[in-house]
Amino acid sequence: MLPSSLWRLPAVFDDGIGLGERAYIVFLSILSELVAFTAVGLVAAWGERFPRWIPGLRGRRVPTPAAVVPATLGAVILTVLWTAAFVTEFAGVTLRGEPTRADFPTQAGGWEAAIFYICYLPLLLWGPLLAAVTYAYHRRRTQ
């Protein structure tokens, strides 16, 4: 997630976009990093017991389905989303079926396209890897 967020953030300083678009880019980058960080709970101690700073739940066991169900749904959604995004990108169209803009980084070619792919290709692995750690979490918690 971090490489794609780092790719997006320079667009905030582009003169051709408005304040709303700038705020959206920053919000999207921060939110995506926070959501991605929740996957750490599947391998960290705080994913098995609620932290002490959570009133009413501190120290109690996290119910296994409370972690496994959202993580599984997230893994499926991410796998479908990023697979579709890359398939359409390679086909030269957007997810809506419209032709990719001529100024899109992959259309420009060269170093700009290479950096784009370096930053975004890891997203193809996000869903399957989330599924793998979710499965490991489920096995560890149910044995």
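Residues numbered from 1 in each chain as written. Predicted model: local features only at pLDDT ≥ 70, side-chain atom pairs only at ≥ 80, totals over all residues. Heavy atoms only, no water.

Colleague: Help me understand helix 6 (residues 123-142), please; the structure alone is not making it clear to me.
Modeller: Turn by turn, an α-helix covers 3.6 residues, leaving residues three or four places apart pointing in a common direction. Helix length check: helix 6 (20 residues) gives 29 Å between terminal C-alpha atoms against 28 Å at 1.5 Å per residue, within 8%. Residues of helix 6 that are buried include every one of Leu 123, Trp 126, Gly 127, Leu 130, Thr 134, Tyr 137 and Arg 141, and no others. Those residues of helix 6 hidden inside the fold are in contact with helix 1 (2-8), helix 2 (19-37), helix 3 (64-91) and helix 5 (110-120). (Helix = DSSP H or I, 4+ residues; strand = E, 2+ residues; numbered from the N terminus. Expected span 1.5 Å × (residues − 1). Buried < 20%, exposed > 50% of the residue type's maximum accessible area, 1.4 Å probe, protein only. Contact = heavy atoms within 4.5 Å.)

Colleague: Explanation requested: the side chain of Ser 5 in the structure shown.
Modeller: Assignment of secondary structure puts Ser 5 in helix 1. Among the polar contacts listed, one links the side chain of Ser 5 to the side chain of Arg 8, at a separation of 3.0 Å. What Ser 5 contacts, discounting residues up to four positions off in sequence, is Ser 29, Ser 32 and Glu 33. (Polar contact = N/O pair within 3.5 Å; in protein donor to acceptor, adjacent residues only side chain to side chain.)

Colleague: I would appreciate a short explanation of the nonpolar core in the present structure.
Modeller: Inside soluble globular proteins, nonpolar side chains tend to come together where they are buried. Among the nonpolar cores identified, the biggest contains 20 residues, and Leu 42, Trp 82, Tyr 120, Leu 123, Trp 126 and Tyr 137 are the most heavily contacted of them. Counting residues per element, the ones that place at least two in this core are helix 3, helix 5 and helix 6. Among the elements that make up this core, the one with the highest residue count is helix 3 (8 residues). (Core = buried A, V, L, I, M, F, W, Y, C linked by side-chain atoms within 4.5 Å.)

Colleague: Just checking my understanding: could you explain the packing of aromatic side chains for this structure?
Modeller: For any pair of aromatic rings, geometry is given as the distance between the ring centres together with the angle between the planes. Overall, the coordinates contain 6 aromatic pairs when judged by the stated rule. Ring centres of Phe 116 and Tyr 120 lie 4.7 Å apart, and the angle between their planes is 25°; this geometry places the pair in the stacked category. Taken together, the positions of Phe 116 and Tyr 120, both in helix 5 and 4 residues apart, correspond to about one turn of that helix. Just as Phe 116 is buried, Tyr 120 falls in that class too. (Phe/Tyr/Trp six-rings, centres within 6.5 Å; stacked < 30°, edge-to-face > 60°.)

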